[in-house]
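Letter by letter, the chains look like this.
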Amino acid sequence: MMSVPIKPDNSPEFAEAIKQQIVKFNARHWDASLRQPLGLKITASNGVLLAGLSGRTFGNWFMLDYLWVDDSCRGQGYGKSLMLEAENIARSRGCRFVLLDTLDFQARPFYQQLGYQLVFVQEDYPLCGKRYYLQKLL
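The shown structure was predicted, so the numbers you read here are calculated from the model rather than taken from an experiment.

(A) Representation of the sheet that holds strand β1 (residues 36-43). Within the open sheet, the six strands sit side by side as β1-β2-β3-β4-β6-β5. Their pairing is mixed. The open sheet is flanked by β1 and β5 (117-123), the only strands paired with a single partner. Within the sheet, the average angular offset between the axes of one strand and its neighbour, ignoring direction, is 20°. Taken together, the eight bridges between β1 and strand β2 (residues 49-58) define a ladder with antiparallel strand orientation. Paired with Ile 42 across the bridge in β2 is Ala 51. Running at roughly 150° to β1, helix α2 (residues 78-92) makes contact with β1, β2, β3 (61-69), β4 (97-103) and β6 (130-137) of the sheet.

(B) Representation of a nonpolar patch on the surface. There is a patch of nonpolar side chains on the surface, built from Met 2, Val 4 and Ile 6 and spanning about 390 Å² of accessible area. In this fold, Val 4 is placed in the segment before α1 (12-27).

(C) Summary view of α2. Here α2 spans 21 Å end to end across 15 residues, near enough to the 21 Å set by a 1.5 Å rise per residue. Buried residues along α2 sit in contact with β1, β2, β3, β4, α3 (108-113) and β6. Looking at the residues trailing α2, positive phi occurs at Gly 94, about 95°.

(D) Representation of unusual backbone geometry in the model. Residue Tyr 125 is joined to Pro 126 through a cis peptide bond whose omega torsion reads -15°. With respect to the secondary-structure elements, Pro 126 resides in the loop between β5 and β6. Phi is positive for Asp 124, which is not a glycine, with a value near 55°. Looking at where Asp 124 falls in the secondary structure, it is placed in the loop between β5 and β6.

(E) Structural context of the nonpolar core. Ranked by size, the top nonpolar core spans 22 residues in total, and within it Leu 53, Phe 62, Met 83 and Tyr 116 carry the most contacts. Elements represented by at least two residues in this core include exactly β1, β2, β3, α2, β4 and β6. Broken down by element, this core gets its largest block of residues, five residues, from α2. Not counting residues within four places of it along the chain, the set of residues in contact with Leu 53 comprises Leu 38, Gly 39, Leu 40, Phe 62, Leu 64, Tyr 66, Leu 67, Leu 82, Met 83 and Ala 86.

(F) Looking closely at the layout of surface pockets. Approximately 520 Å³ is the volume attributed to the largest pocket. As for the largest pocket, its lining consists of 22 residues, of which Leu 67, Trp 68, Gln 106, Ala 107 and Tyr 111 are closest to the centre. Elements with a minimum of two residues in the lining of the largest pocket: β3, α2, β4 and α3. The greatest single-element share of the lining of the largest pocket, amounting to six residues, is contributed by β3.

Definitions and limits used
- Residues numbered from 1 in each chain as written.
- Predicted model: local features only at pLDDT ≥ 70, side-chain atom pairs only at ≥ 80, totals over all residues.
- Heavy atoms only, no water.
- Pairing = 2+ DSSP bridges.
- Helix = DSSP H or I, 4+ residues; strand = E, 2+ residues; numbered from the N terminus.
- Axes fitted to C-alpha atoms, helices over the stretch in contact; angles between N-to-C directions.
- Contact = heavy atoms within 4.5 Å.
- Patch = residues over 30% accessible without salt bridge, like charges linked within 9 Å, V, L, I, M, F, W, Y side chains within 5 Å.
- Areas by Shrake-Rupley, 256 points an atom, 1.4 Å probe, with all protein chains shown as cover.
- Salt bridge = Lys/Arg side-chain N within 4 Å of Asp/Glu carboxyl O.
- Expected span 1.5 Å × (residues − 1).
- Core = buried A, V, L, I, M, F, W, Y, C linked by side-chain atoms within 4.5 Å.
- Buried < 20%, exposed > 50% of the residue type's maximum accessible area, 1.4 Å probe, protein only.
- 1 Å grid on protein atoms, 1.4 Å probe; cavity = no way out; pocket = protein on both sides within 12 Å on 5 of 7 lines; lining within 4 Å.
- Points joined across faces, edges and corners; volume = space filled by probe spheres on them.

Below is the structure:
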């Protein structure tokens, strides 16, 4: 085996460069232009963000990245409204499934009340907690 120097680079620019190389490679196997962002928000009349959701659709899948509701608005249906609207949009884009993850101190019961099923548990995340992966058939 040839000896090659390995150099550390923890910069965001380097991470983005590697990501772009993977995107370029993947483009030979599927049409990445079909990947679409999906973002929804709820704001107060003064423009202050009260709740938001972000993710992306791609092929059969809606991948939920983030769902956040301000503490003052929890329990009032904001999260449920955002999720149902996102699912409707994903369905209209041809998605058949949703995948998301949540930590043990976050919103697993909330998602399960919306019909999400547990598919995988990542133990000891990041040290002693758990990360739950859930999915739903649309």
